[in-house]
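# Fold and geometry: a report
Below, each chain spelled out in residue letters.
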Amino acid sequence: NAGVTQTPKFQVLKTGQSMTLQCAQDMNHNSMYWYRQDPGMGLRLIYYSASEGTTDKGEVPNGYNVSRLNKREFSLRLESAAPSQTSVYFCAGSGTLPSSYNEQFFGPGTRLTVL
Amino acid sequence: SQQGEEDPQALSIQEGENATMNCSYKTSINNLQWYRQNSGRGLVHLILIRSNEREKHSGRLRVTLDTSKKSSSLLITASRAADTASYFCATDSTGTYKYIFGTGTRLKVLA
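Overview of the structure. Remember, predicted model here, so these are calculated numbers, not experimental data. (Residues numbered from 1 in each chain as written. Chains lettered and ligands numbered in written order. Predicted model: local features only at pLDDT ≥ 70, side-chain atom pairs only at ≥ 80, totals over all residues. Heavy atoms only, no water.)

## Structural notes on the overall build of chain A
- Assigned secondary structure in chain A consists of 0 helices and 11 strands.
- Ordered by position from N to C terminus, the α and β elements of chain A give β-β-β-β-β-β-β-β-β-β-β.
- Scaling as 2.2 N^0.38, a compact globule of 115 residues should have a C-alpha radius of gyration of about 13 Å, and chain A matches this with 13 Å.
- The buried share among the 115 residues of chain A stands at 50%.
- Of the contacts formed within chain A by residues at least 6 apart in sequence, a portion of 55% connects residues at least 24 apart.
- A total of about 5200 Å² of accessible surface is found on chain A, and carbon and sulfur atoms cover 51% of it.
- Mean positive and mean negative side-chain charge positions of chain A (10 and 8 charges, respectively) differ by 7 Å. (Helix = DSSP H or I, 4+ residues; strand = E, 2+ residues; numbered from the N terminus. Rg over C-alpha atoms; globule rule 2.2 N^0.38 Å. Buried < 20%, exposed > 50% of the residue type's maximum accessible area, 1.4 Å probe, protein only. Contact = heavy atoms within 4.5 Å. Areas by Shrake-Rupley, 256 points an atom, 1.4 Å probe, with all protein chains shown as cover. Lys, Arg positive; Asp, Glu negative; His and termini not counted. Charge placed at Lys NZ, Arg CZ, Asp CG, Glu CD.)

## Some thoughts on the interface of chain A and chain B
- Listed per partner, the contact involves 27 residues of chain A and 25 residues of chain B.
- The contact between chain A and chain B buries some 2000 Å² in all, and 53% of this surface belongs to carbon and sulfur atoms.
- At the junction of chain A and chain B, the tally comes to 0 salt bridges.
- On inspection of chain A and its partner chain B, the count reaches 3 residue pairs in polar contact (both at pLDDT 80 or more).
- For the side of chain A that touches chain B, the secondary-structure elements that each account for two or more residues are strand S4 (31-38), strand S5 (42-49) and strand S10 (104-106) of chain A.
- The dominant element in the side of chain A that touches chain B, judged by the number of residues it contributes, is S5(A), at 5 residues.
- Taken together, the residues of the side of chain A that touches chain B sort by class into 12 nonpolar, 10 polar and 5 charged. (Buried area = accessible area lost by both parts, 1.4 Å probe. Salt bridge = Lys/Arg side-chain N within 4 Å of Asp/Glu carboxyl O. Polar contact = N/O pair within 3.5 Å; in protein donor to acceptor, adjacent residues only side chain to side chain. Nonpolar A, V, L, I, M, F, W, Y, C, P; charged D, E, K, R; others polar.)

## So, the sheet that holds strand S3 (residues 19-25) of chain A
All names here are of chain A.
- The 4 strands are arranged S1-S3-S8-S7 in an open sheet whose pairing can be described as antiparallel. Strands at the two margins of the open sheet, each flanked by one partner only, are strand S1 (4-7) and strand S7 (64-68). With direction set aside, neighbouring strand axes in the sheet form an average angle of 15°.
- Sheet topology note: the S3/strand S8 (residues 74-78) ladder contains 3 bridges and is antiparallel. Pairing of Thr20 across the sheet is with Arg77, part of S8. (Pairing = 2+ DSSP bridges. Axes fitted to C-alpha atoms, helices over the stretch in contact; angles between N-to-C directions.)

## Thoughts on unusual backbone geometry
- A cis amide bond links A:Thr7 with the next residue in sequence, A:Pro8, at an omega value of -5°.
- Relative to the helices and strands, A:Pro8 resides in the loop between S1 and strand S2 (10-13).
- Omega for the peptide link from B:Asp7 to B:Pro8 comes to 0°, which places this bond in the cis form.
- The phi dihedral of B:Ala78 falls on the positive side, at around 45°, and the residue is not glycine.

So, in structure tokens, the structure goes:
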């Protein structure tokens with residue numbers, strides 16, 4: 001099993017460009033998450049999907065959109081990138097059964113720089 | 001704002017010593033989790049403690065939870081150089097599937 005995978009690993013964008021970060025999991029997780037991590041800030045939740053077909057905003061959703069394409073895939077889109085979105089983005093999956101008591105499994109991250 | 005705040009922000013100890021880090025949070029929770037992050041990597045789950053539990057052990061890890069003080073502590077005993085990493089607490093928010101992470105403690109274990 002590959003676990004949680006993210007593509008691309010690195011990306012450089014110019015201000016105003018758009019892009020989609022891809023996340024896929026083969027662990028049969030019900031819930032999936034997108035976080036950003038800035039230096040010294042810990043992880044901040046952007047969006048999450050508690051189950052297939054649902055998405056909800058996290059702490060910092062502005063400037064982002066998400067799609068839960070199916071149970072395996074959860075993508076994050078930047079419509080018009082800004083330098084403030086320079087960060088490391090992590091995707092995570094959680095829970096094969098509906099429950100709050102589930103650990104999260106993280107992907108390796110995407111390092112995004114917006115010039 | 002972040003739900004969890006870790007203390008201290010950074011900790012440097014000698015190999016073999018114990019490391020203690022603390023996490024405080026703001027609202028009622030169902031559970032609290034601790035994660036480790038090695039430099040440049042994704043987070044790895046260490047341990048989960050439910051709101052009705054007070055202490056939990058896993059190998060060299062001991063976690064305590066005090067819901068009256070809204071705080072938790074992670075103790076790593078007999079630390080090793082390989083324990084060098086950042087440690088984060090994460091709490092669920094009002095029983096949803098949404099987790100909020102703290103700002104982390106950077107632990108450095110000197111050989």
